[in-house]
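What the coordinates show
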Amino acid sequence: VEYAVFKCDCCCQPATYDCSGNHYCEKCHTFFDRNASRPTCQGREEDKCPLGVVHPPNQPRNHNIKKVGYVIGCTKCLGIDAHCNMDAVSQQTRARYKKKGV
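Residues numbered from 1 in each chain as written. Predicted model: local features only at pLDDT ≥ 70, side-chain atom pairs only at ≥ 80, totals over all residues. Heavy atoms only, no water.

Notes on the overall build of the protein chain
Looking only at helices and strands, one finds three helices and four strands in the protein chain. Approximately 6,600 Å² of the protein chain is accessible, and the part contributed by carbon and sulfur atoms is 55%. (Helix = DSSP H or I, 4+ residues; strand = E, 2+ residues; numbered from the N terminus. Areas by Shrake-Rupley, 256 points an atom, 1.4 Å probe, with all protein chains shown as cover.)

Observations regarding the side chain of His23
Secondary-structure assignment places His23 in strand S3 (residues 22-24). Judged by its relative accessible area of 1%, His23 falls in the buried class. Looking at His23, its side chain comes within polar contact range of the side chain of Asp18, at 3.5 Å. (Buried < 20%, exposed > 50% of the residue type's maximum accessible area, 1.4 Å probe, protein only. Polar contact = N/O pair within 3.5 Å; in protein donor to acceptor, adjacent residues only side chain to side chain.)

So, unusual backbone geometry
Leaving glycine aside, a negative phi is the common case for residues, and trans is the common case for peptide bonds. Positive phi, close to 55°, is recorded for Ser20, a residue that is not glycine. Assignment of secondary structure puts Ser20 in the loop between strand S2 (17-19) and S3. Residue Ser20 is classed as partly exposed on the basis of its relative accessible area, which comes to 25%. Of note in this structure, Lys48 is not a glycine but carries a positive phi near 50°. As for its placement among the helices and strands, Lys48 is situated in the loop between helix H1 (26-30) and strand S4 (71-74).

A closer look at the environment of Ile72
With respect to the element layout, Ile72 can be found in strand S4. Considered as a pair, Ile72 and Val54 are 18 residues apart in the sequence and their alpha carbons are 9.9 Å apart. Setting aside residues no more than four positions away along its own chain, Ile72 makes contact with Val5, Phe6, Lys7, Pro14 and Leu51. (Contact = heavy atoms within 4.5 Å.)

With respect to the environment of Ala4
In this structure, Ala4 sits in strand S1 (residues 4-6). Classification of Ala4 by relative accessible area gives buried; the value is 17%.

Notes on the confidence of the model for the protein chain
For the protein chain, mean pLDDT is 78; residues scoring 70 or higher make up 75% of the total. Mean pLDDT per element in the protein chain: helix H3 (residues 91-100) is the minimum at 67, and S3 is the maximum at 89. (pLDDT = per-residue confidence, 0-100.)

See the structure below:
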């Protein structure tokens, strides 16, 4: 989990924030209005998602509902781990993935 790159829980962008185990990109973190318009991608091949991978459907932004998180990449594999502050991974995310054996 130290090197995981998560998908934003609300849209089809890489997450840059880990807020108590929920993952958000810059836009979804900054514009936190639950009623804000967000992409409705279901993560299916036919959705032609910009991520280019099948993924769980986007969820409404609601910080009170814990999301599982979806890993879309690895900073170590990309060779950028030395440039990323992985101390930003929340204790909630670390605990969740520790239970899964990751």
